[in-house]
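So you can see what is in the structure, the chains are spelled out below.
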Protein chains: 2
Amino acid sequence: VTRRRGIARLGEFELIDRLIKPLSKGFPGALGLTDDAALVRLPEGCELVVAADAMVAGVHFLPDDPPGLIAGKLLRVNLSDLAAMGADGLGYLVTFARPASLDDAWLAAFWQGMAEDQARFGVHLLGGDTVSTTGPTSLSLTILGTVPLGTALRRGGARPGDEIWVSGTLGDAALGLRILRGLAATEDQALALIDRYRTPRPRLALGRALRGIANAAIDVSDGLVADLGHILGTSQVGARLEAKRLPISAVARSVPDALTAALTGGDDYELLFTAPPSAAERIAALATAEVPLTRIGEITAEPGLVVVDPDGRPRSPAARGGWQHF
Amino acid sequence: VTRRRGIARLGEFELIDRLIKPLSKGFPGALGLTDDAALVRLPEGCELVVAADAMVAGVHFLPDDPPGLIAGKLLRVNLSDLAAMGADGLGYLVTFARPASLDDAWLAAFWQGMAEDQARFGVHLLGGDTVSTTGPTSLSLTILGTVPLGTALRRGGARPGDEIWVSGTLGDAALGLRILRGLAATEDQALALIDRYRTPRPRLALGRALRGIANAAIDVSDGLVADLGHILGTSQVGARLEAKRLPISAVARSVPDALTAALTGGDDYELLFTAPPSAAERIAALATAEVPLTRIGEITAEPGLVVVDPDGRPRSPAARGGWQHF
């Protein structure tokens with residue numbers, strides 16, 4: 001490991017004391033991050049909901065993305081998994097593999113962004129580990145949440161006849177990434193779409209409201225076709241999507257290939273869910289100006305996904321692709 | 001990313017289906033690793049204990065270490081954190097950043113080792129993420145355990161007059177690492193000490209038995225001086241250690257610098273704990289032939305650590321050093 005000269009570097013313990021430990025304040029069971037583990041009591045009648053996602057520089061974010069937004073995205077993509085389960089956020093752990101080239105200003109901005117977002121979402125840092133690496137910055141976050149016993153939303157409950165709904169708009173984040181990678185765009189297009197790529201909005205309130213209403217739910221991280229594929233595979237059903245019904249923002253429509261981005265682009269972190277037609281009115285009542293809800297198709301008994309093109313022609317896209325999770 | 005030619009590579013989904021998903025079997029709340037998160041119910045009257053550790057190739061393990069042992073070490077160092085809290089293991093999540101050069105045989109051996117160790121310790125895989133990286137293999141594991149409410153062992157409870165105890169022997173792992181790095185050794189020395197470096201024995205049964213007995217506990221991962229320093233800092237006390245009492249294995253004694261390794265070498269994953277003299281008999285009764293327990297000093301009211309050399313001379317080592325955790 002070669003250390004770049006001239007970069008002020010906090011010792012690891014100072015780094016932890018100054019930048020990281022403050023994020024555990026307000027959660028007594030975090031023990032001030034001074035113990036081997038954190039202690040977490042669950043609310044009566046609740047079960048724990050737990051997931052983990054990793055992000056690597058150059059793969060999941062661009063090395064020159066603002067560090068505070070990288071921290072926020074790491075937290076938000078994990079909160080989005082809680083939203084897809086209908087869970088409430090509780091706390092999180094972070095492991096951080098740091099290359100020698102990352103300076104203290106970067107780290108300070110990273111943890112500042114994390115602090116702002118944990119306050120926004122009402123969660124606390126419960127533990128983790130900082131290590132050095134000879135490779136790119138490598139981040140991992142484990143999110144803990146709670147849900148009343150037996151009410152978690154699942155991927156496997158979709159039934160033939162269910163309507164398929166999606167929150168917000170689709171494809172914006174993928175177009176934002178394309179702009180970051182060089183696609184020509186106006187300033188308005190760039191601002192709106194890059195923001196969607198960098199700053200997911202986990203739909204926690206919607207997920208919570210869908211307990212007892214949705215039969216199946218997932219967040220759109222891999223892309224609509226891939227994520228609907230996960231619901232179909234787990235539920236052992238098929239689906240028919242109407243491409244012309246997909247919610248595409250006005251700014252996305254002004255960029256080439258918005259429909260493709262809406263079908264296959266990842267990183268939107270909207271909720272995709274199914275529910276019986278009898279629930280349509282209750283679902284429609286959950287829509288807001290900021291988070292519209294749109295019916296985009298229906299679950300079928302025959303396996304496989306059929307996408308009806310805007311011109312009425314049915315297609316069968318490959319269901320697998322996008323980011324790889326387990 | 002340049003892919004090496006001639007290496008059979010499973011697709012990521014096949015990898016997950018074949019190697020990873022089987023590790024979730026037997027834990028219904030893992031949902032077969034097919035959902036956005038896992039669901040975990042805690043036993044009545046228990047709280048959750050949660051910690052995370054990261055390991056990077058070339059930093060925390062050697063690239064040619066056997067992959068199954070790397071997996072085992074990743075799990076065991078986290079289980080050791082549970083042991084230090086007096087907790088029982090429940091489950092874990094793994095994030096895995098994979099360089100293109102890691103072939104399927106390596107991955108299969110890694111997950112096979114994980115499967116064997118999770119069976120040995122009675123825990124299950126609950127989730128995680130596999131991603132690609134242009135850097136070295138970068139691993140992170142979050143461990144979940146449980147402890148009866150209010151009985152967790154902590155670092156902050158040491159009191160003046162407490163005796164300081166340690167399990168097993170100290171320094172073996174650090175000497176094993178030195179042998180791997182080129183220190184001359186006989187085959188017997190190499191076998192015994194390298195094994196201690198590669199395969200920690202988390203002292204879960206001991207930690208459990210120390211609930212209600214120990215006033216403070218930690219596992220020796222950073223080295224005795226550093227980890228005792230964590231207890232002293234959190235408990236706001238000092239300590240006096242007798243170097244001649246340190247438990248050093250016969251094989252370690254046959255290698256140069258065994259005492260230094262016992263004082264400052266990391267990776268032993270023994271339990272270091274304090275308890276009032278009145279508990280000495282109950283503690284001695286917990287010792288076994290495989291896991292001896294040794295009194296090595298006492299907690300003092302004056303802050304600071306004094307190590308009494310074998311020749312009777314007191315020294316004050318720097319308390320910070322070793323691996324960096326938070």
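Our subject is the structure that appears above.
Residues numbered from 1 in each chain as written. Chains lettered and ligands numbered in written order. Predicted model: local features only at pLDDT ≥ 70, side-chain atom pairs only at ≥ 80, totals over all residues. Heavy atoms only, no water.

1. Details of the relation of the copies chain B and chain A
The transform that puts chain B on chain A rotates by 180° and translates by 0.0 Å along the axis, for an RMSD of 0.0 Å. The transformation relating the two chain copies, once decomposed into turn and shift, fits a two-fold axis. For chain B, the smallest separation between a C-alpha atom and the rotation axis is recorded for Gly-135 of chain B, amounting to 2.0 Å. (Least-squares fit on C-alpha atoms with pLDDT ≥ 70 in both.)

2. Here we look at empty space enclosed by the protein
For the coordinates displayed, the defined rule picks out four cavities of 30 Å³ or more. By volume, the largest cavity is sized at about 100 Å³. Where the lining of the largest cavity is concerned, the elements lending two or more residues are strand 3 (88–99) and strand 5 (138–148) of chain A together with strand 2 (46–56), strand 3 (88–99) and strand 5 (138–148) of chain B. Here the lining of the largest cavity is built from residues that sort into eleven nonpolar, six polar and no charged. One number sums up the size of the second largest cavity: a volume of about 40 Å³. Lining the second largest cavity are His-60, Phe-61, Asp-65, Leu-69, Ile-70, Lys-73, Tyr-197 and Arg-198 of chain B. Ranked by the residues each element gives to the lining of the second largest cavity, the list is headed by helix 2 (residues 67–85) of chain B, at three residues. (1 Å grid on protein atoms, 1.4 Å probe; cavity = no way out; pocket = protein on both sides within 12 Å on 5 of 7 lines; lining within 4 Å. Points joined across faces, edges and corners; volume = space filled by probe spheres on them. Helix = DSSP H or I, 4+ residues; strand = E, 2+ residues; numbered from the N terminus. Nonpolar A, V, L, I, M, F, W, Y, C, P; charged D, E, K, R; others polar.)

3. A closer look at the interface of chain B and chain A
Taken residue by residue, the interface counts 66 residues in chain B and 66 residues in chain A. Across the chain B to chain A interface the summed buried area is about 5,800 Å²; carbon plus sulfur atoms make up 60%. For the pair chain B and chain A, the number of links is eight salt bridges. Note that Asp-35 of chain B is salt-bridged to Arg-155 of chain A, the shortest N-O span being 4.0 Å. Taken together, the links from chain B to chain A amount to 20 residue pairs in polar contact (both at pLDDT 80 or more). In terms of residue count, the dominant contributor to the side of chain B that touches chain A is strand 2 of chain B (nine residues). Of the residues belonging to the side of chain B that touches chain A, the class tally is 34 nonpolar, 19 polar and 13 charged. (Contact = heavy atoms within 4.5 Å. Buried area = accessible area lost by both parts, 1.4 Å probe. Salt bridge = Lys/Arg side-chain N within 4 Å of Asp/Glu carboxyl O. Polar contact = N/O pair within 3.5 Å; in protein donor to acceptor, adjacent residues only side chain to side chain.)

4. Observations regarding the pairing of strand 8 (residues 238–242) of chain B
Residue and element names in this part refer to chain B. The element strand 8 is extensively covered by neighbouring structure, given that four of its five residues are classed as buried. Pairing of strand 8 with strand 10 (residues 293–300) involves four bridges; the strand directions are antiparallel. Bridge assignment links Arg-240 to a residue of strand 10, and that residue is Glu-298. Bridge analysis of strand 8 against strand 11 (residues 304–308) gives five bridges, and the strand direction is parallel. Looking across to strand 11, one finds that Ala-239 is bridged to Leu-305. (Buried < 20%, exposed > 50% of the residue type's maximum accessible area, 1.4 Å probe, protein only. Pairing = 2+ DSSP bridges.)

5. Observations regarding helix 7 (residues 224–235) of chain A
All names here are of chain A. The terminal C-alpha atoms of helix 7 lie 16 Å apart, and with twelve residues this matches the ideal 16 Å at 1.5 Å per residue to within 8%. Burial analysis of helix 7 places ten of its twelve residues in the buried class, which makes it a mostly covered element. Taken together, the buried positions of helix 7 are occupied by Leu-224, Val-225, Ala-226, Asp-227, Leu-228, Gly-229, His-230, Ile-231, Leu-232 and Ser-235. Once helix 7 ends, the next one or two residues include Gln-236, with phi positive near 55°. (Expected span 1.5 Å × (residues − 1).)

6. Let's talk about the side chain of Asp-309 of chain A
Residues and elements named next belong to chain A. Here Asp-309 shows up in the loop between strand 11 (304–308) and strand 12 (314–315). A distance of 3.0 Å separates the side chain of Asp-309 from the side chain of Arg-315, its partner in a polar contact. The residues touching Asp-309, leaving out its near neighbours within four places in the chain, are Ala-243 and Arg-315.

7. Here's the deal with the packing of helix 1 (residues 12–20) of chain A against helix 3 (residues 104–121) of chain A
All names here are of chain A. Two elements in contact, helix 1 and helix 3, have axes whose closest approach is 10 Å; the angle formed by their N-to-C orientations is 35°. Remark: the crossing between helix 1 and helix 3 carries right-handed chirality. Residue-level inspection shows Leu-15, Leu-19 and Ile-20 of helix 1 in contact with helix 3, the latter providing Leu-107, Ala-108 and Trp-111. Looking at the contact of helix 1 with helix 3, its residues break down into six nonpolar, no polar and no charged. (Axes fitted to C-alpha atoms, helices over the stretch in contact; angles between N-to-C directions. Left-handed = near helix turned anticlockwise from the far one by under 90°.)

8. Some points on helix 4 (residues 172–180) of chain A
Residue and element names in this part refer to chain A. Judged by how many residues are buried, helix 4 sits mostly within the fold: seven of nine residues are covered. For helix 4, the full list of buried residues reads Asp-172, Ala-173, Ala-174, Leu-175, Gly-176, Leu-177 and Ile-179. Summarising the contacts, the buried residues of helix 4 are in contact with helix 5 (187–198), helix 8 (250–253) and helix 9 (258–264). Backbone geometry just after helix 4 places Gly-182 at a positive phi near 125°.

9. Notes on the environment of Glu-116 of chain A
Along the chain, Glu-116 of chain A turns up in helix 3. A polar side-chain atom of Glu-116 of chain A sits 2.9 Å from a polar atom in the side chain of Gln-112 of chain A.

10. A few points about the pairing of strand 3 of chain A
Residue and element names in this part refer to chain A. Strand 3 sits mainly inside the fold: ten of its twelve residues count as buried. Sheet topology note: the strand 3/strand 5 ladder contains nine bridges and is antiparallel. Across the sheet, the residue bridging to Gly-91 is Leu-144, located in strand 5. Relative to strand 4 (residues 124–133), strand 3 runs parallel, the two sharing nine bridges. By the bridge assignment for strand 4, Pro-99 is matched with Thr-133.

11. What to know about the side chain of Asp-162 of chain A
With respect to the helices, strands and loops of the structure, Asp-162 of chain A is situated in the loop between strand 5 and strand 6 (163–167). Polar contacts involving the side chain of Asp-162 of chain A include one to the side chain of Asn-215 of chain A, which spans 3.1 Å.

12. As for the packing of aromatic side chains
By convention here, two paired aromatic rings are described through the distance between centres and the angle between planes. All names here are of chain A. Following the criterion strictly, the structure yields twelve aromatic pairs over all chains and no others. When the centroid spacing of 6.4 Å and the interplanar angle of 80° are considered together, the rings of Phe-96 and Trp-106 count as edge-to-face. Of this pair, Phe-96 sits in strand 3 while Trp-106 is found in helix 3, placing the two residues ten residues apart along the sequence. Overall, the relative accessible area of 3% leaves Phe-96 in the buried class. Their ring planes at 85° and their centres at 5.2 Å tell us that Phe-110 and Trp-111 sit as a pair that is edge-to-face. Site record: aromatic cluster; members linked through ring pairs are Phe-96, Trp-106, Phe-110 and Trp-111. For the cation-ring pair, Lys-73 lies above Tyr-197, with the distance from its terminal atom to the ring centre recorded as 3.7 Å. (Phe/Tyr/Trp six-rings, centres within 6.5 Å; stacked < 30°, edge-to-face > 60°. Lys NZ or Arg CZ within 6 Å of the ring centre and 35° of its normal.)

13. Focus: the state of the cysteines
Scanning the model with the defined rule gives zero disulfides over all chains in all. Between Cys-46 of chain A, a cysteine without a disulfide, and Cys-46 of chain B, which holds the nearest cysteine sulfur, the sulfur-to-sulfur distance is 17 Å. (Disulfide = S-S within 2.5 Å.)

14. Quick look at the sheet that holds strand 9 (residues 271–275) of chain B
Residues and elements named next belong to chain B. Taken in spatial order, the seven strands line up as 7-9-6-10-8-11-12 in an open sheet, and their pairing is mixed. Edge positions in the sheet fall to strand 7 (216–219) and strand 12 (314–315), since each has one partner strand and no second. Packing of helix 7 (residues 224–235) onto the sheet brings it into contact with strand 6 (163–167), strand 7, strand 8, strand 9, strand 10 and strand 11, and relative to strand 7 it is tilted by some 145°.

15. Thoughts on the sheet that holds strand 5 of chain B
An order of 1(A)-2(B)-5(B)-3(B)-4(B) is seen for the five strands of this open sheet, with the pairing classed as mixed. At either end of the open sheet lies a strand with only one pairing partner, and these are strand 1 (38–40) of chain A together with strand 4 (124–133) of chain B. Going across the sheet, the axis of each strand differs from the next one's by a mean of 20°, ignoring polarity. Looking at chain direction, strand 2 of chain B and strand 5 of chain B are connected through eleven bridges and run antiparallel. Each residue of the ladder has a partner; that of Ala-51 of chain B, found in strand 5 of chain B, is Ile-143 of chain B. Each of strand 3 and strand 4 of chain B is contacted by helix 1 (residues 12–20) of chain B, which is oriented at about 150° to strand 4 of chain B, the strand it contacts most.

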